[in-house]
Amino acid sequence: MRRINGTALIIAALVATVGALAFPVWSYADRSGTGEANLNASSVATQWGPLSATDRDFLVKVRLAGLWELPAGQQAIERAPSEATKAAGDHLVVGHADLDRRARDVAAKLGVELPNQPTEQQQAWLRELTAASGDEYERKFANILRAAHGKVFGLIGQVRHTTRNTLIRQLASDANQTVLDHITMLEATGFVDFDALAREAAGGSTASPSGPPAPREGQVPLAPVPVTPSGDQSFTSRPVPPTMPPTMPPMP
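A. Structural context of the pattern of salt bridges. Inspection of the entire model under this criterion finds 11 salt bridges. Linking Arg104 and Asp100 is a salt bridge whose minimum nitrogen-to-oxygen distance equals 2.7 Å. With Arg104 and Asp100 both in helix α4 (residues 83-110), this residue pair falls 4 residues apart, about one helical turn. A salt bridge links Glu200 to Lys151; its shortest N-O distance comes to 2.9 Å.

What follows is the structure in structure tokens.
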């Protein structure tokens, strides 16, 4: 009897051990925080397609951008010494007034509540601009606004790529054009510190650099073969014209 009881205990212990090892795998696979289940759990159905949490966050960020960047642009028109900065401010006012109208229309159709005040960080940027003047004001305006636009540029690309909602997809396309226009105008002021932007981006990244090796001094790389169509097909479309930056103003 003792031998039987001992064998039964060993078998029970083995079953319990296997169960303990299997449970984390089963629970992780079925939990709602993984993969497609997480996407579906955060999405709601609409007549324009599923609306995800990322879609809703994008709508809010477009609204927030208008709430502080439009006043910043208006202030630049009134206070900036140079015409280039005034022109950038003009683009910010016009662009965000239009984009905000589109965002509010989309939010109303999708039932998404939007904020009416900028974030604390955005309000702090406005206060920092208000406290500056002259050359310092123009440098702060160009760099604070350029950094903000650069960060939202990545979100626009992600949303445009992943959204399943047609209204959000169109808004992302509109936002992409507006933000790129603003980035171009801000850079045309001549005050943007590109080294600082690169250092800030590098500071938030842990990925190792990739790409071809750095060229050696005096080394001439082999000319790459052009990408050209084969056969004798005729084509009706035309290349997208290159983005031409506004004339760079002389540095003060």
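B. Highlighting the nonpolar core. If you look at the biggest cluster of nonpolar residues, it comprises 21 residues, and the most contacted ones within it are Phe58, Leu59, Leu110, Val112 and Ile168. Residue contributions to this core peak at 7 residues, all from helix α7 (residues 166-187). The residues touching Ile168, leaving out its near neighbours within four places in the chain, are Leu51, Asp55, Phe58, Leu59, Val106, Leu110, Val159 and Thr163. Counting residues in hydrophobic clusters, the runner-up holds 16 residues, among them Ala88, Ile144, Ala148 and Leu186.

C. Just the side chain of Thr163, in detail. Within the element layout of this structure, Thr163 appears in the loop between α6 (134-162) and α7. The class of Thr163 is buried, set by a relative accessible area of 6%. Within the structure, the side chain of Thr163 is placed 3.0 Å from the side chain of Asp55, a separation counted as a polar contact.

D. Expanded view of the environment of Ala201. Counting through the fold element by element, Ala201 comes out in helix α8 (residues 194-203). Look at Ala201 and you get exposed, because its relative accessible area is 53%. In this structure, the C-alpha to C-alpha distance between Ala201 and Ala147, residues 54 residues apart in sequence, is 9.7 Å.

E. Summary view of empty space enclosed by the protein. This model, assessed by the stated rule, comprises 1 cavity of 30 Å³ or more. By volume, the largest cavity is sized at about 80 Å³. Around the largest cavity, the lining residues are Phe58, Lys61, Val62, Ala65, Glu69, His96, Leu99, Val152, Ile156, Ala175 and Val179. Contributing elements (two or more residues each) for the lining of the largest cavity: α3 (53-79), α4, α6 and α7. It is α3 that contributes the most residues to the lining of the largest cavity, 5 residues altogether. Residue composition of the lining of the largest cavity, by class: 8 nonpolar, 1 polar and 2 charged.

F. Broad picture of the side chain of His96. With respect to the helices, strands and loops of the structure, His96 is situated in helix α4. Look at His96 and you get buried, because its relative accessible area is 3%. A distance of 2.4 Å separates the side chain of His96 from the side chain of Glu69, its partner in a polar contact. Those residues in contact with His96 that sit more than four places away from it in its chain are Ala65, Gly66, Glu69, Leu70, His149 and His182.

G. Broad picture of the packing of aromatic side chains. Taken as a whole, this structure holds 2 aromatic pairs when the rule is applied. Look at Trp68 and Trp125: their rings are 5.1 Å apart centre to centre, the planes differ by 40°, and that puts the pair in the tilted class. With Trp68 in helix α3 and Trp125 in helix α5 (residues 120-131), this residue pair connects regions lying 57 residues apart in the sequence. When the centroid spacing of 6.2 Å and the interplanar angle of 20° are considered together, the rings of Tyr137 and Phe141 count as stacked. Taken together, the positions of Tyr137 and Phe141, both in helix α6 and 4 residues apart, correspond to about one turn of that helix. Both residues of the pair, Tyr137 and Phe141, count as buried. Positioned over the ring face of Tyr137 is Arg79, at 4.8 Å from the centre of the ring.

What counts and how
Residues numbered from 1 in each chain as written. Predicted model: local features only at pLDDT ≥ 70, side-chain atom pairs only at ≥ 80, totals over all residues. Heavy atoms only, no water. Salt bridge = Lys/Arg side-chain N within 4 Å of Asp/Glu carboxyl O. Helix = DSSP H or I, 4+ residues; strand = E, 2+ residues; numbered from the N terminus. Core = buried A, V, L, I, M, F, W, Y, C linked by side-chain atoms within 4.5 Å. Buried < 20%, exposed > 50% of the residue type's maximum accessible area, 1.4 Å probe, protein only. Contact = heavy atoms within 4.5 Å. Polar contact = N/O pair within 3.5 Å; in protein donor to acceptor, adjacent residues only side chain to side chain. 1 Å grid on protein atoms, 1.4 Å probe; cavity = no way out; pocket = protein on both sides within 12 Å on 5 of 7 lines; lining within 4 Å. Points joined across faces, edges and corners; volume = space filled by probe spheres on them. Nonpolar A, V, L, I, M, F, W, Y, C, P; charged D, E, K, R; others polar. Phe/Tyr/Trp six-rings, centres within 6.5 Å; stacked < 30°, edge-to-face > 60°. Lys NZ or Arg CZ within 6 Å of the ring centre and 35° of its normal.

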